[in-house]
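The chain contents come next:
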Amino acid sequence: MSDSQPAQGTARLNTTVAHNARVWNYWIGGKDNYEVDQQVGAHVAGLFPVIRDVARADRDFLGRAVRYLAGERGVRQFLDIGTGLPTVDNTHEIAQRIAPESKIVYVDNDPIVLLHARTLLTSTPEGVTDYLDADVHDPDAIVARARKTLDFDKPIAVMMLGILNFVLDTDKAREIVRRVMAAVPSGSFLVLTHPTFDADLGGEGNVAAMEFWNANATPPITARPRDEIAAFFEGLDLLEPGLVPCSQWRAELHAPVVVPQLGAVAVKP
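**Student:** It is not clear to me how helix H3 (residues 51–71) should be interpreted in this structure. Could you clarify?
**Tutor:** Relative to the 30 Å expected for 21 residues at 1.5 Å per residue, H3 spans 30 Å between its end C-alpha atoms, a close match to the ideal helical length. Counting buried positions along H3 gives 15 out of 21 residues, so the element sits mostly inside the fold.

**Student:** Could you clarify how one ought to interpret the pairing of strand S6 (residues 189–195) in this entry?
**Tutor:** On any regular strand, side chains alternate: one points to one face of the sheet, the next to the other face. Counting buried residues along S6, seven of its seven residues qualify, which places the element largely inside the surrounding structure. Of the two faces of S6, the one carrying Phe189, Val191, Thr193 and Pro195 and the one carrying Leu190, Leu192 and His194 are both buried. One ladder, built from five bridges, connects strand S5 (residues 157–161) with S6; its direction is parallel. Paired with Met160 across the bridge in S6 is Leu192.

**Student:** Help me understand unusual backbone geometry in this model?
**Tutor:** Glycine aside, residues mostly have negative phi angles, and peptide bonds mostly take the trans form. With omega at -10°, the peptide bond leading from Thr218 into Pro219 counts as cis. Mapped onto the fold, Pro219 is located in the loop between strand S7 (217–218) and helix H9 (226–230). In the segment running from Glu240 into Pro241, the intervening peptide bond is cis, with an omega of 5°. Along the chain, Pro241 falls in the loop between strand S8 (237–238) and strand S9 (244–245). Positive phi values are uncommon outside glycine, yet Arg250 reaches one of about 45°. One can find Arg250 in the loop between S9 and strand S10 (261–267).

**Student:** Whenever I open this one, the pattern of salt bridges confuses me. Can you help?
**Tutor:** Proximity of charged atoms lets side chains of opposite charge pair with each other. This structure, assessed with the given rule, holds eleven salt bridges. A salt bridge links Asp198 to Arg226; the shortest N-O distance between them is 3.1 Å. Highlighted residues: Asp198 in the loop between S6 and helix H8 (205–216) and Arg226 in helix H9, separated in sequence by 28 residues. Relative accessible area serves as the criterion here: at 30%, Arg226 is assigned to the partly exposed category. Arg224 is paired through a salt bridge with Glu228; the nearest N and O atoms lie 3.9 Å apart. Several salt bridges share partner residues, and in doing so they unite Asp140, Glu175, Arg178 and Arg179 into one network.

**Student:** Is there a simple way to explain the environment of Glu240 in this structure?
**Tutor:** Within the element layout of this structure, Glu240 appears in the loop between S8 and S9. When its relative accessible area of 62% is taken as the criterion, Glu240 is described as exposed. Along the chain, Glu240 and Ala266 lie 26 residues apart, while their C-alpha atoms are 8.8 Å from each other. If near-sequence neighbours (up to four positions away) are discounted, Glu240 is found in contact with Trp249 and Arg250.

**Student:** Can you walk me through the confidence of the model for the protein chain in this structure?
**Tutor:** Low pLDDT means the predicted coordinates in that region are not meant to be read closely. Mean pLDDT over the protein chain stands at 91; residues scoring 70 or higher make up 93%. Predicted confidence is poor over residues 1–11, with pLDDT under 50, and the contacts of this stretch with residues over four places away or in other chains come to 24 contacts.

Rules used in this analysis
- Within each chain, residue numbers correspond to sequence positions counted from 1 in written order.
- Since the coordinates come from a predicted model, pLDDT governs what is reported: local features require at least 70, and pairs of side-chain atoms require 80 or more to be given and counted, while whole-chain, interface and lining totals use all residues.
- As a convention, hydrogens and water are excluded, and side-chain values are obtained from all of the structure's heavy atoms.
- Strands here are runs of E lasting at least two residues and helices are runs of H or I lasting at least four, both read from the DSSP assignment and numbered beginning at the N terminus.
- What a helix is expected to span follows from its residue count: subtract one and scale by 1.5 Å.
- Throughout this description, buried means an accessible area under 20% of the type-specific maximum (1.4 Å probe, protein chains only), exposed means over 50%, and partly exposed covers the range between.
- When DSSP locates at least two bridges between a pair of strands, those strands are taken to pair.
- One speaks of a salt bridge when a side-chain nitrogen belonging to Lys or Arg is within 4 Å of a carboxyl oxygen belonging to Asp or Glu.
- Contacts are residue-level and defined by heavy atoms, with any inter-residue pair within 4.5 Å sufficient.
- In predicted models, pLDDT denotes the confidence assigned by the predictor to each residue on a 0 to 100 scale.

Have a look at this one:
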């Protein structure tokens, strides 16, 4: 077991089956996971060693995207759907370092995430940090509840990092994006990452890893080819460098590792 065990949450908290939020936490070196998460995480990493690089790259992408949007594009509102377990440099911390008045709404439906979020996601006095216990499959409810904190007449950055891969029906996933982006005004942004099967990025390794995951953990997951991921940005204008491995999006490193996790930021015209 990890040195620091997660606190017990609601009755929905199941510690007998590995869960994505806790396994992801294990891959990036966190302590908020159980033995079952470590066992499944280690096995997936054995099948697909690049998964630890994927987890770190996804987290680093979040940091670069939020710094860019808050610092260079003046975004002061963020709707982070599928936030996962709080760790270092969460969306609100990055945004509020740049602009203390920033408002952030986190959305997740996992009880252990909810428990940690309520404890750790504290705001600056000038800004707001809120947490919604809601499901990505119900975008209208997310938008309705987020309106209580965010001003939907002003630009909002919608964050969907590693969340649509848990919506197995591609048409449903596209509809979720459409409904959320339809609710935000012109000048808003979509920030998205998603795993891919594409072989040129090493994505064929996702096949066996995800088969094992779906048999031994929750929630079920899928990867998608580049063209299906690109379709999530339909009607939006992709910012440079477009849809690329998330490790390479506006990367500070000269030659970052290529990961089978695509990422992009787009603006709503």
